[in-house]
Amino acid sequence: MNKESKRREALLYHAKPTPGKIQVVPTKRYATQRDLSLAYSPGVAEPCLEIEKDVENVYKYTAKGNLVAVISNGTAVLGLGDIGPEAGKPVMEGKGLLFKIFADIDVFDIEVDTKNVEEFIQTVKNIAPTFGGINLEDIKAPESFEIERRLVEELNIPVMHDDQHGTAIISAAGLINALEIAGKKPEEVKMVISGAGSAALACADLYIAVGVKRENILMFNSKGLLTKNNPSLTEMQLKFAVEGDAVSLAEAMKGSDVFIGLSSGNILLPEMLLSMNKNPIVFAMANPNPEIDYNLAVETRKDVIMATGRSDFPNQINNVLGFPYIFRGALDVRATKINEEMKMAAVRALAALAKESVPEQVNVAYGATKLGFGREYIIPKPFDPRLINTVSPAVAKAAIESGIAKNPIADWDKYEEELLERLGNDNKMVRLISNRAKMDPKRIVFSEADHLDVLKAAQIVYEEGIGFPILLGSRDIIKELMKELGFDAEVEIIDPKSKSEIERRNRYATTYWQSRKRRGISLLDAQRLMRERNYFAAMMVNTGEADGLVTGYSRSYSTVVKPMLQLIDKAQGASLVATSNMMMTSRGPMFLSDTAININPSSEELVKIAVMTAKTARMFGLEPVIAMVSYSNFGSSTHENASKIRDAVAYLHENHPDLIVDGDIQADFALNPEMLTEKFPFSKLAGKKVNTLIFPNLDSANITYKLMKELYKTGSIGPIMMGMGKPVHIFQLGASVEEMVNMAAITVIDAQEKENREKKLNK
């Protein structure tokens, strides 16, 4: 995508369908006059009076306890500088989005139109009663230091300037682990820091708290080494200034152990890296270009322990590992501030988490066989679901132990369960899927690429590195649409009907005819069918000229699935093809099967659908907990529609004892663990969180997933084809661009899985 197209896409993202990225939604009933009389006058007077009696009741009766203000004056916005409060608002909304999706914290973004320190402080103090915490953002140094210091002292709620402390906390955790791997003690290492802004200064302070000696730190700004005789240095910078004459960065690097980069790209040269001590630690955190390219650093020094701020290299120093969970813990114990003990607790928790066994879900997301503590894994991954119930409790405990918590936690096990429940929907799985696909992108045929939305999806797949699109359709139309979209990549375009494809069509037709000639297909029929894009695409996958295909945008599912079933063999050992939809619900991902193919499956077919769906769930790192749903509960009906489910469950219990599965069971009991445990304590699902539903027929499955999708705007990925020998997946008619991108990512992952399975079989 060219620069102008990227600009247009970014603007469109923020403008449509509703301007901005966050909104306020009601949390109480409001349908009736009675509801409204409780929400506002006269009922609202009662909590007002209770809060007047005791101001701490504000946490009981309002949203204050889960509400953070993200506040800025727009003087240091990203790398854009002083662009003003209004121009900084999109960034503040984005920060609010991250708070919500990672820690379920609500946010109001506040943009303050003043550069005067005192005015800014008074503004924040005046609005502080609304909030449970204050996140200062994008305020230029040195004013940011004074603003944070004063607000921490003068307010009784948590205040943190994330630009300063976020990077410090995450990188300090990484530093602890890197030093351990390098076999070095913090008090003995020589450290060079490139950058002397608020983040670098906060990092240096925290590194000293970890054990690094101040006299062993050399700090550089854009003009060179900080020295005591430099009158332009701030009070904070003077703490790290040294006596004597300045030396160059190259000279400082000689014999150093640690390089911390918070400056600009490509300033650390290979010869500087070579001059460092054994097992050098390099945290090159400038964005988007690190102080030294990761690959160049690793090629230069095999013993380097390297981290960057980028997601496409190991050891990403990402603030999202910290601020959502730090505020979560602080809010939950009603801390009066975020103190040094809480910051250090976050550091230690992150460092320790990197040493624990990594959940399969995280391995799946990053395409790793098994992530493990070492040079390429010194800090947890941003998608690690354990962050919320590791960092937040550590922060909360530190607040309690340091005496600043107004609401101490008594039951820590219950608290950790509550934290996990907060993860909810937030589309983490979508990000995991995309990330997994990017690890090993494949060639994916888009059979209807002469439709604008399909081409948009293919463009995103290409530009995000998810896969390599092969575009089928009219070349002229595709080229024209690509120009309109700014999709100027060199991708393969094929028109199956063109003269240039005669040889390939005939070759495909002969192969197809050979396999179907005893099933009523003539060679002429086969040659005619190969002019149709779905038959042509299927043969591309069959012959290995593509790794997978996606189709179905412009035609009914039944029309599109037919050539796939005719041309693509079933997977080895599979006797049934079925589909599953992954729904991104408020309780987390849920698999619903069979949503598209088997109209009225028998008990034997239900068994196969359940087993295949379990395998699909595990492919995404989820351990399936399966409810086989019905209108009846455990034998309350003797009708064949219910009894076939019981027969299937009985077979699964006997022959697949590793599966957590039960039924027949009504959907409300399946999805309500408390109700299920109370009424049916004998069930294998009792006390467990169901994440997979197997339906008795196509009617119920298809209707359910489409109702969820349309009524509740639940994200859906699917129908995911199960039991096929090749990676073939079909959109629902009129699928959105986002749905098609997700299905393409699923197809890439399917291809990866099948390739890995083939390699194992051939060993």
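This section reports on the structure supplied with the text. (Residues numbered from 1 in each chain as written. Predicted model: local features only at pLDDT ≥ 70, side-chain atom pairs only at ≥ 80, totals over all residues. Heavy atoms only, no water.)

Quick word on a negative patch on the surface
Right, so step 1: Taken together, Asp-411, Asp-413, Glu-417, Glu-418, Glu-421 and Glu-674 make up a surface patch of like negative charges.
Right, so step 2: Per element, the largest residue contribution to the negative patch is four residues, and it comes from helix H18 (residues 412–421).
Right, so step 3: Within the fold, Glu-421 resides in helix H18. (Patch = residues over 30% accessible without salt bridge, like charges linked within 9 Å, V, L, I, M, F, W, Y side chains within 5 Å. Areas by Shrake-Rupley, 256 points an atom, 1.4 Å probe, with all protein chains shown as cover. Salt bridge = Lys/Arg side-chain N within 4 Å of Asp/Glu carboxyl O. Lys, Arg positive; Asp, Glu negative; His and termini not counted. Charge placed at Lys NZ, Arg CZ, Asp CG, Glu CD. Helix = DSSP H or I, 4+ residues; strand = E, 2+ residues; numbered from the N terminus.)

Focus on the nonpolar core
Right, so step 1: Of all hydrophobic cores here, the largest spans 83 residues; its most connected members are Leu-175, Met-191, Tyr-207, Ile-281, Phe-283, Met-342 and Leu-350.
Right, so step 2: Sort the elements by how many residues they give to this core and helix H8 (residues 162–182) lands first, with 10 residues.
Right, so step 3: If we ignore the near neighbours within four places in the chain, the residues touching Leu-350 are Ile-169, Ile-170, Ala-173, Leu-321, Ile-379, Pro-380, Leu-387 and Val-391.
Right, so step 4: One finds Val-430, Ala-458, Leu-481 and Ala-744 within the second-largest nonpolar core, a separate group that totals 46 residues. (Core = buried A, V, L, I, M, F, W, Y, C linked by side-chain atoms within 4.5 Å. Buried < 20%, exposed > 50% of the residue type's maximum accessible area, 1.4 Å probe, protein only. Contact = heavy atoms within 4.5 Å.)

Focus: the packing of helix H24 (residues 533–542) against helix H25 (residues 557–567)
Right, so step 1: For the pair H24 and H25, interaxial distance at closest approach is 9 Å and the crossing angle is 35°. Considering the relative orientation of H24 and H25, their crossing is right-handed. Touching Asn-534, Tyr-535, Ala-538, Met-539 and Asn-542 of H24 are Val-560, Pro-563, Met-564, Gln-566 and Leu-567, all from H25. (Axes fitted to C-alpha atoms, helices over the stretch in contact; angles between N-to-C directions. Left-handed = near helix turned anticlockwise from the far one by under 90°.)

Here we look at the sheet that holds strand S13 (residues 492–494)
Right, so step 1: One open sheet holds the five strands; their spatial order is S13-S12-S11-S14-S21, and the pairing between them is parallel. This sheet does not close on itself; its edge strands, each paired only once, are S13 and strand S21 (728–730). Pairs of neighbouring strands in the sheet enclose a mean axial angle of 25°, with direction left out of account.
Right, so step 2: As paired elements, strand S14 (residues 548–551) and S21 share three bridges and run parallel to each other. Bridged to Thr-551 within S21 is Ile-730.
Right, so step 3: In the packing of helix H21 (residues 475–485) onto the sheet, the strands contacted are strand S12 (467–472) and S13, and the crossing angle to S13 comes to about 140°. (Pairing = 2+ DSSP bridges.)

Quick word on the pattern of salt bridges
Right, so step 1: The tally for this structure, following the rule as stated, stands at 45 salt bridges.
Right, so step 2: In this structure, the salt-bridge partner of Arg-149 is Glu-146, at a minimum N-O distance of 2.8 Å. Of this pair, Arg-149 and Glu-146 both sit in helix H7 (residues 143–154), three residues apart, which is roughly one turn of the helix.
Right, so step 3: The partly exposed category is assigned to Arg-149, whose relative accessible area is 39%.
Right, so step 4: The closest approach of N and O atoms between Asp-664 and Arg-646, which form a salt bridge, is 3.1 Å. On the criterion of sequence distance, the pair formed by Asp-664 in strand S18 (residues 660–665) and Arg-646 in helix H27 (residues 640–655) is long-range, its members being 18 residues apart.
Right, so step 5: Here Arg-646 falls in the partly exposed class, since its relative accessible area comes to 23%.
Right, so step 6: Connected through shared salt-bridge partners, Glu-501, Glu-503, Arg-504, Arg-507 and Glu-545 make up one network.

By themselves, these figures tell us nothing about what the structure is for.
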